[in-house]
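So you can see what is in the structure, the chains are spelled out below.
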Amino acid sequence: QVKLVESGGGLVQPGGSLRLSCAASGISFSIYTMDWFRQAPGKQRELVARITAGDSTIYADSVKGRFTISRDNAKNTVYLQMNSLKSEDTAVYYCKASYWSSNYWGQGTQVTVSS
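Figured I'd write up the structure that's included with this text. As the structure is a prediction and not an experimental result, all values here were calculated from the model.

## Here's the deal with the state of the cysteines
This structure, assessed with the given rule, holds one disulfide. Disulfide pairing places C22 opposite C95 at an S-S distance of 2.0 Å. On the sign convention where negative means left-handed, the S-S torsion of about 45 degrees between C22 and C95 marks this disulfide as right-handed. Highlighted residues: C22 in strand β3 (residues 18-25) and C95 in strand β9 (residues 91-99), separated in sequence by 73 residues.

## Here's the deal with the side chain of S21
Relative to the helices and strands, S21 is located in strand β3. Judged by relative accessible area, S21 falls into the buried class, the value being 16%. Those residues in contact with S21, other than ones at most four positions away along the chain, are V5, E6, S7, W36, T77, V78 and Y79.

## Points about unusual backbone geometry
With the exception of glycine, the majority of residues adopt a negative phi angle, and the majority of peptide bonds are in the trans configuration. Of note, the phi angle at N76 is positive, near 55 degrees, even though the residue is not glycine. Its location among the elements puts N76 in the loop between β7 (67-72) and β8 (77-82). Even without being glycine, W100 reaches a positive phi, approximately 50 degrees. Among the structural elements, W100 can be located in the loop between β9 and β10 (102-105). For W100, a relative accessible area of 78% translates into the label exposed.

## Digging into the pattern of salt bridges
Applying the stated criterion across every chain, the model contains five salt bridges. A salt bridge links D35 to R50, with the nearest nitrogen and oxygen atoms 2.7 Å apart. Residue D35 is found in strand β4 (residues 33-39), and its partner R50 is found in strand β5 (residues 46-51); the two are separated by 15 residues along the sequence. According to the relative accessible area criterion, D35 is buried, its value standing at 0%. Among the residues examined, R50 registers a relative accessible area of 28% and is labelled partly exposed. Across the pair K64 and D61 runs a salt bridge whose closest N-O atoms are separated by 3.1 Å. Exposure class is identical for K64 and D61. Each is exposed. Connected through shared salt-bridge partners, R38, E46, R66 and D89 make up one network.

Cut-offs and rules
- Every chain is numbered on its own, with residues counted from 1 as its sequence reads.
- pLDDT decides what is reported in this predicted model: residues at 70 or higher carry local features, side-chain atom pairs at 80 or more are listed and counted, and totals for whole chains, interfaces and linings draw on all residues regardless.
- With hydrogens and water stripped out, all remaining heavy atoms of the structure feed into the side-chain values.
- Pairs of cysteine sulfur atoms within 2.5 Å are identified as disulfides in what follows.
- A run of H or I in DSSP becomes a helix once it reaches four residues, and a run of E becomes a strand once it reaches two; helices and strands are each numbered from the N terminus.
- Note on classification: 1.4 Å probe, protein chains only; a residue is buried when its accessible area is under 20% of the maximum for its type, exposed when over 50%, partly exposed between these limits.
- Any pair of residues with heavy atoms lying within 4.5 Å of one another is described as a contacting pair.
- A pairing counts as a salt bridge when a side-chain nitrogen of Lys or Arg comes within 4 Å of a carboxyl oxygen of Asp or Glu.

Interpretation in functional terms is not warranted from these geometric data alone.
The following block contains the structure:
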């Protein structure tokens, strides 16, 4: 059974930092492309960052220079380091694992940026 479990969300002040983690089980983690998506209330889910099996990365323009995605294949875990957080980063953050036609999602973790 495939499971993706996100953690690390919470309430943080503007300008602060959080590190999200997504622990995967039931898949050959190292061959999967791993994504972080987010969905704010009333908005569509959007891609925030991606890391491929070969460690290539892409970022949404809105988070470039502030967020960093990384992976630890030994721990079957992908991370999202979020710095200089803004109120507009408030959303539920989801991780996704993809390999050809196989796609799996986590349950999400809430990130709230507010003073």
